Amino acid sequence: MTVRTHPRNTSFAWRPASRPGAELAILTAEQARQWDDDGFVLLEGVFGADEIAAVEAAIDPAEAELEAFLREHGEDGRIFIARADEITFTTHLVARSPELAAFTRHPVFTSLVHDVIGPDVRLYWDQAVYKKPRTEAPFPWHQDNGYTFVEPQQYLTCWVPLTPATLETGCPWVVPGLHRLGTLAHELTDLGFVCLDDAPSAVPVEAAVGDVVVFSSLTPHCTGPNRSERTRKAYIVQYAPDGAEILREGKDGAVTRVRADDPARQYPVLGCAVAPG
Ligand SMILES: O=C(O)CCC(=O)C(=O)O
């Protein structure tokens, strides 16, 4: 597959974190440079074990319900790209869990969004991704903006491991540098949307419980197989500038724009006229 840009990506320009005069709340100058050059950064040891255990405890029952639903109602256990006993995507957890909603406003995230998005920022999306023991299939190369086209194209993904993310359990891999092209063309496969067949310059990002893998909506990433005997668990929270819009194409090709401001799950986390305390 050759790398092609998305047809709606006509005039993309990367907004750097390391702008002249930009004060950084959490990133070091070196991390801001890495964010700009490579499209990702690993923040180590920013959450306590108790904080992550509470997040895991809030997610587990919802994920178990979803797994049961897939088994009962899925076609051979499958709905879209979710597959019972292999990989689940439990979405919009903040709408039903005040604990998880509070976690999305953690100072680590509000500082990060200050540094890379600011000044007015909303939660855009949240989901838990559980990769079950002995799942050989990788989650394929994609950009998050390849799933649903959002404008501005550049938003923030924070991939929070709830269990150790290693080469054995299925840690993320990223391709440094390609984020600067903006959104790439994607094709839908059985495993998910794909923008690259292979990526010789990709790097793995192993992460411990307490770390967060931070990357752009435009950073091509994948996760590897889980060859361990444990479920690999991650909670993914994404943030977009206030005013961001989702572009949806109808069957007739007409595009409608929907503002990403559902109060139940796309609430302000920084700035915005009405940000809650
Ligand atoms: O956590 C995973 O295994 C893949 C998740 C991912 O890449 C995504 O949700 O965009």
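The structure this text deals with has already been given above.
Residue numbers restart at each chain and count upward from 1, following the sequence in its written direction. Since the coordinates come from a predicted model, pLDDT governs what is reported: local features require at least 70, and pairs of side-chain atoms require 80 or more to be given and counted, while whole-chain, interface and lining totals use all residues. Note that the side-chain values use all heavy atoms of the structure and ignore hydrogens as well as water.

Student: Describe the nonpolar core, and please don't skip the residues or the numbers.
Tutor: Residue types Ala, Val, Leu, Ile, Met, Phe, Trp, Tyr and Cys, when buried and joined through side-chain atoms within 4.5 Å, form a set referred to as a nonpolar core. Any residue under 20% of the maximum accessible area for its type is buried, any over 50% is exposed, and the rest in between are partly exposed; the area is computed with a 1.4 Å probe on protein chains only. Judged by nonpolar contacts, the single largest core of 38 residues is most densely connected at Ile59, Leu156, Tyr235 and Tyr239. Looking at this core, the element that brings in the most residues is helix H4 (residues 107-116), giving 5 residues. The contact rule is simple, with two residues in contact once any of their heavy atoms fall within 4.5 Å. Beyond its immediate chain neighbours, meaning those up to four positions away, Tyr239 contacts Thr104, Phe109, Val113, Ile117, Val121, Arg122, Leu123, Tyr124, Tyr155, Leu156, Cys158 and Val269. Listed in part, the 19 residues of the second largest apolar core include Val129, Val174, Val213 and Ala234. Each helix is a run of H or I in the DSSP string that is no shorter than four residues. Each strand is a run of E no shorter than two, and both are numbered from the N terminus.

Student: Just give me the short version of the sheet that holds strand S12 (residues 203-204), but keep the residues and values in it.
Tutor: Between any two strands, pairing holds if DSSP finds at least two bridges. An order of S6-S14-S9-S12 is seen for the 4 strands of this open sheet, with the pairing classed as antiparallel. Each of the sheet's edge strands pairs with one partner strand only, and the pair in question is strand S6 (139-142) and S12. Across 2 bridges, the pairing between S6 and strand S14 (residues 221-223) is antiparallel. Bridge pairing links Phe139 to Thr223 in S14.

Student: Which residues make up H4, and what values go with them?
Tutor: Counting buried residues in H4 gives 8 out of 10 residues, a clear majority hidden from the surface. Among all positions in H4, only Val108, Phe109, Thr110, Ser111, Leu112, Val113, Asp115 and Val116 are buried.

Student: Describe the pairing of strand S8 (residues 156-161), with residues and values.
Tutor: Regular strands have side chains that alternate between both faces of the sheet. Burial runs high along S8: 6 of the 6 residues are buried. Burial along S8 is two-sided: the residues Leu156, Cys158 and Val160 and Thr157, Trp159 and Pro161 are all buried. Sheet analysis places S8 next to strand S15 (residues 232-241), joined by 6 bridges and oriented antiparallel. Of the residues in S15, the one forming a bridge with Cys158 is Val237.

Student: How would you explain the environment of His73 if you had to name every residue and give the values?
Tutor: Mapped onto the elements, His73 comes out in helix H2 (residues 49-73). On the basis of relative accessible area, His73 is assigned to the partly exposed category, the value being 48%. Taking the C-alpha atoms as reference points, His73 and Pro152, separated by 79 residues in sequence, lie 36 Å from one another.

Student: Provide a residue-level description of the pattern of salt bridges, including the pertinent values.
Tutor: The term salt bridge refers to a side-chain nitrogen of Lys or Arg lying within 4 Å of a carboxyl oxygen of Asp or Glu. Taken as a whole and judged by the stated rule, the model has 17 salt bridges. Of the charged contacts in the structure, one is a salt bridge between Arg257 and Glu151, with a shortest N-O distance of 2.9 Å. With Arg257 in strand S17 (residues 255-259) and Glu151 in strand S7 (residues 150-151), the pair connects residues that are 106 residues apart, well separated along the chain. Classification of Arg257 by relative accessible area gives partly exposed; the value is 45%. Here Glu151 falls in the partly exposed class, since its relative accessible area comes to 25%.

Student: Which residues make up the layout of surface pockets, and what values do they have?
Tutor: The rule is simple: put a 1 Å grid over the protein atoms alone, call a set of points where a 1.4 Å probe fits but cannot get out a cavity, call an open set with protein on both sides within 12 Å along at least five of seven lines a pocket, and count a residue as lining if it has an atom within 4 Å of a point. Grid points are joined across faces, edges and corners, and a volume is the space filled by probe spheres set on the points. Volume-wise, the largest pocket comes out at about 1100 Å³. Lining of the largest pocket is provided by 50 residues; of these, Phe80, Trp125, Gln127, Tyr147 and Thr148 occupy positions nearest its centre. Classification convention: Asp, Glu, Lys, Arg as charged; Ala, Val, Leu, Ile, Met, Phe, Trp, Tyr, Cys, Pro as nonpolar; all other residues, Gly among them, as polar. Counted by class, the lining of the largest pocket contains 27 nonpolar, 13 polar and 10 charged residues.

Student: Break down the site of the ligand for me, with residues and values.
Tutor: One heavy atom within 4 Å of a molecule or strand makes the whole residue count as near it. The local shell around the ligand consists of Gln127, Val129, Lys131, Phe139, His142, Asp144, Trp159, His221, Thr223, Arg232 and Ile236. One of the side-chain N or O atoms of Asp144 is found 2.9 Å from an oxygen atom in the ligand. Taking His221, its side chain carries an N or O atom lying 3.2 Å from an oxygen atom of the ligand. For a molecule to be placed in a cavity or pocket, more than half of its atoms must lie within 2 Å of the grid points of that cavity or pocket. Judged by the proximity of its atoms to the pocket grid, the ligand belongs to the largest pocket. Of all the secondary structure elements, the ones that give two or more residues to the shell around the ligand are strand S5 (121-131), S6, S14 and S15. Here a polar contact means two N or O atoms within 3.5 Å. Within protein one must be a hydrogen donor candidate and the other an acceptor candidate, and residues neighboring in sequence count only if both atoms are side-chain atoms.

Student: Help me get a handle on unusual backbone geometry, residues and values and all.
Tutor: The omega angle of the peptide bond from Gly118 to Pro119 is 5°, so this bond is cis rather than trans. Relative to the elements of secondary structure, Pro119 occurs in the loop between H4 and S5. In this structure, Pro152 follows Glu151 across a cis peptide bond, with omega equal to 0°. Checked against the element boundaries, Pro152 lands in the loop between S7 and S8. Phi is positive for Asp85, which is not a glycine, with a value near 70°. Note that Asp85 resides in the loop between strand S3 (82-83) and strand S4 (87-91). When its relative accessible area of 47% is taken as the criterion, Asp85 is described as partly exposed. Here Arg134, not a glycine, exhibits a phi torsion of approximately 55°, which is positive. Considering the arrangement of structural elements, one finds Arg134 in the loop between S5 and S6.

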